[in-house]
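Structural features, examined
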Amino acid sequence: MKFGIVVSEGPYTHQASDSAYHFVKAALEAGHEVPRVFFYHDGVNVATSLSVPPQDERNIQQQWSAIAKDHGVDLVVCIAAAQRRGMLDENEAKRQGKDAHNIAEGFRISGLGQLIEMGIETDRLMTFGD
Amino acid sequence: MATLHTVNKSPFANQSLLSCLAHAKDGDTVLMIEDGVYGAASGTGLADAMVAMASRVALVALQPDLNARGIAAARLLDGIKTTDYAGFVELAASHDRTQAWL
Amino acid sequence: MEDDVKKFLYVNRKAPYGTIYALESLEVVLIGAAFDQDVSLAFLDDGVFQLTKSQDTKEIGVKNFSPTFRALGDYEVTKLYVEKESLDERGLTLDDLQEIMWEDEDDDYEEKPSIRIVSRAEMADVMADQDVILSF
């Protein structure tokens, strides 16, 4: 099975990104494919490179970056939602004349078309949100 | 052609579980995750509605979320099954589509 | 219809303006229209509030995106299912909703309503018929 995952809430405030993460890990462990995870609404904030959670708490962004690295999962951050919320990669920051960029390793910014494509190309689409 | 419905909010704070149950078709599965697992407890104002549904749809609660919230097995409604994340994946794979009630 | 066309349902259950879900859901619909899938929108629970007339957002300072629903016909998104029980529970009727039309090119470009009022049971059937369900 190919699973497409939508994460539509931000890290820590909602359990959504954690539930999605555990689901993805279980799916990969069971031998399924997870070609893409699409971050929408406040979910784009999961991709921040600037998060410094307390030492004894999980680092949500690092967990996702590790999954991308180890399993080739494509972590896509919606550009429209990201721009609204101040999540910019290096290119976007330059383009918009901002003096910083903050997208963590393993995440990439792209358009909403990637969400639709994911719906078309996967067998099951799961949404984790509020 | 059954649907796996997921509900993640407490039914005492949010209408999503009730709305989900009102739209689920016979043979579907309703999986309670996150705060949604509070809907699986016995002795609540929802208990009768849930028990009535249990003959039509499979009612399942995610064990890790029950554990996190200290909801012991003895407190669950009759007819509620539990599963883990691996089981969650299997449910998604074995149903024809998934629908999140946020 | 080609073999690989999927039925996409966008489920809207939240009111507009208090949160961004209604607006950002519509943004997906507009982008998604380019992908030639079989698209339907469902409005139930508080989602029915998204379609009401006379939204004037000037004094809250946010963009009034309700006119965008009227453009959906041009994007070939012509199936807006609105749940009757959700309207009734909220004291609304079809008259309280915007008029949203589409032009049927197979019927001499006759203008037809995109809003289809359905019962809760019919809405459940619409949902059970889909391939991909997006919830916001």
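Reference entry: report on the structure contained in this document. (Residues numbered from 1 in each chain as written. Chains lettered and ligands numbered in written order. Predicted model: local features only at pLDDT ≥ 70, side-chain atom pairs only at ≥ 80, totals over all residues.)

**Points about the overall build of chain A**
Along the backbone of chain A there are 5 helices and 5 strands. Along the chain direction, N to C, the helices and strands of chain A fall in the order β-α-β-α-β-α-α-β-α-β. Relative to its length of 130 residues, chain A is compact, with a C-alpha radius of gyration of 14 Å against a globular reference of 14 Å. Counting over 130 residues, chain A shows a buried share of 47%. In chain A, the share of contacts with a sequence separation of at least 24, taken over all contacts with a separation of at least 6, comes to 75%. (Helix = DSSP H or I, 4+ residues; strand = E, 2+ residues; numbered from the N terminus. Rg over C-alpha atoms; globule rule 2.2 N^0.38 Å. Buried ≥ 20, exposed ≤ 12 C-beta atoms within 10 Å, placed from the backbone. Contact = placed C-beta atoms within 7 Å.)

**Considerations on the interface of chain C and chain B**
Interfaces are often sized by the accessible area lost when the parts come together. Contact residues are listed per partner, giving 10 residues for chain C and 12 residues for chain B. At the level of elements, α4 (120-128) and β7 (132-135) of chain C are the ones that each hand at least two residues to the side of chain C that touches chain B. For the side of chain C that touches chain B, the leading source of residues is α4 of chain C, giving 5 residues.

**Here we look at the interface of chain B and chain A**
With 11 residues of chain B in contact, the opposing surface of chain A contributes 15 residues. Among the elements of the structure, α4 (85-94) and β5 (97-101) of chain B are those that each provide at least two residues to the side of chain B that touches chain A. When grouped by side-chain class, the residues that make up the side of chain B that touches chain A number 9 nonpolar, 1 polar and 1 charged. (Nonpolar A, V, L, I, M, F, W, Y, C, P; charged D, E, K, R; others polar.)

**With respect to the pairing of strand β4 (residues 80-83) of chain B**
In this sheet, β4 of chain B lies alongside strand β3 (residues 58-62) of chain B in parallel orientation, the contact comprising 4 bridges. Of the residues in β4 of chain B, the one forming a bridge with Leu-59 of chain B is Ile-80 of chain B. (Pairing = 2+ DSSP bridges.)

**Focus: the nonpolar core**
Among the nonpolar cores identified, the biggest contains 101 residues, and Val-37, Phe-39 and Val-77 of chain A together with Ala-42 of chain C are the most heavily contacted of them. Here this core takes 6 residues from helix α1 (residues 16-29) of chain A, the largest share from any one element. Apart from the residues lying within four places of it in its own chain, the contact partners of Phe-39 of chain A are Val-7, Val-44, Val-46, Ala-47, Val-76, Val-77 and Cys-78 of chain A. (Core = buried A, V, L, I, M, F, W, Y, C linked by C-beta atoms within 7 Å.)

**Let's talk about the sheet that holds β7 of chain C**
Residue and element names in this part refer to chain C. Pairing is parallel in the open sheet, where 5 strands are placed in the order β6-β3-β2-β1-β7. Only two strands of the sheet have a single neighbouring strand rather than two, namely β6 (115-118) and β7. Taken over all neighbouring pairs, the strand axes of this sheet differ in orientation by 25° on average, direction set aside. Judged from the 4 bridges that link them, strand β3 (residues 80-83) and β6 form a sheet pairing that is parallel. Within β6, the position partnered with Leu-80 by the bridge is Ile-115. (Axes fitted to C-alpha atoms, helices over the stretch in contact; angles between N-to-C directions.)

**What to know about the sheet that holds strand β2 (residues 33-39) of chain A**
Residues and elements named next belong to chain A. The 5 strands are arranged β4-β3-β2-β1-β5 in an open sheet whose pairing can be described as parallel. Of all the strands in the sheet, the pair left with one neighbour each is β4 (107-110) and β5 (124-128). Taken over all neighbouring pairs, the strand axes of this sheet differ in orientation by 25° on average, direction set aside. The sheet contact formed by strand β1 (residues 2-7) and β5 spans 5 bridges and is parallel. Bridged to Val-7 within β5 is Phe-128.

**A closer look at the environment of Ser-25 of chain C**
Residues and elements named next belong to chain C. Along the chain, Ser-25 falls in helix α1 (residues 21-32). Sequence spacing of Ser-25 and Ser-135 is 110 residues, and the spatial spacing of their C-alpha atoms is 8.3 Å. Ser-25 has contacts with Tyr-10, Asn-12 and Phe-136, leaving out every residue within four places of it along the chain.

**Some remarks on the pairing of β4 of chain A**
Residues and elements named next belong to chain A. Residues Phe-107 and Ile-109 line the buried face of β4, whereas the alternating positions Arg-108 and Ser-110 sit on a face that is not buried. Where strand β3 (residues 74-78) and β4 come together, 4 bridges link them in parallel fashion. Bridging across to β4, Cys-78 finds its partner in Ser-110.

**With respect to α1 of chain C**
An ideal rise of 1.5 Å per residue puts 16 Å on 12 residues; α1 of chain C measures up with 16 Å between its terminal C-alpha atoms. Where α1 of chain C is concerned, the buried positions are Tyr-21, Ala-22, Glu-24, Ser-25, Leu-26, Val-28, Val-29 and Gly-32 of chain C. For α1 of chain C, the elements touching its buried residues are α3 (79-85) and α5 (113-121) of chain A together with β1 (7-12), β2 (38-43), α2 (67-71) and β7 of chain C. (Expected span 1.5 Å × (residues − 1).)

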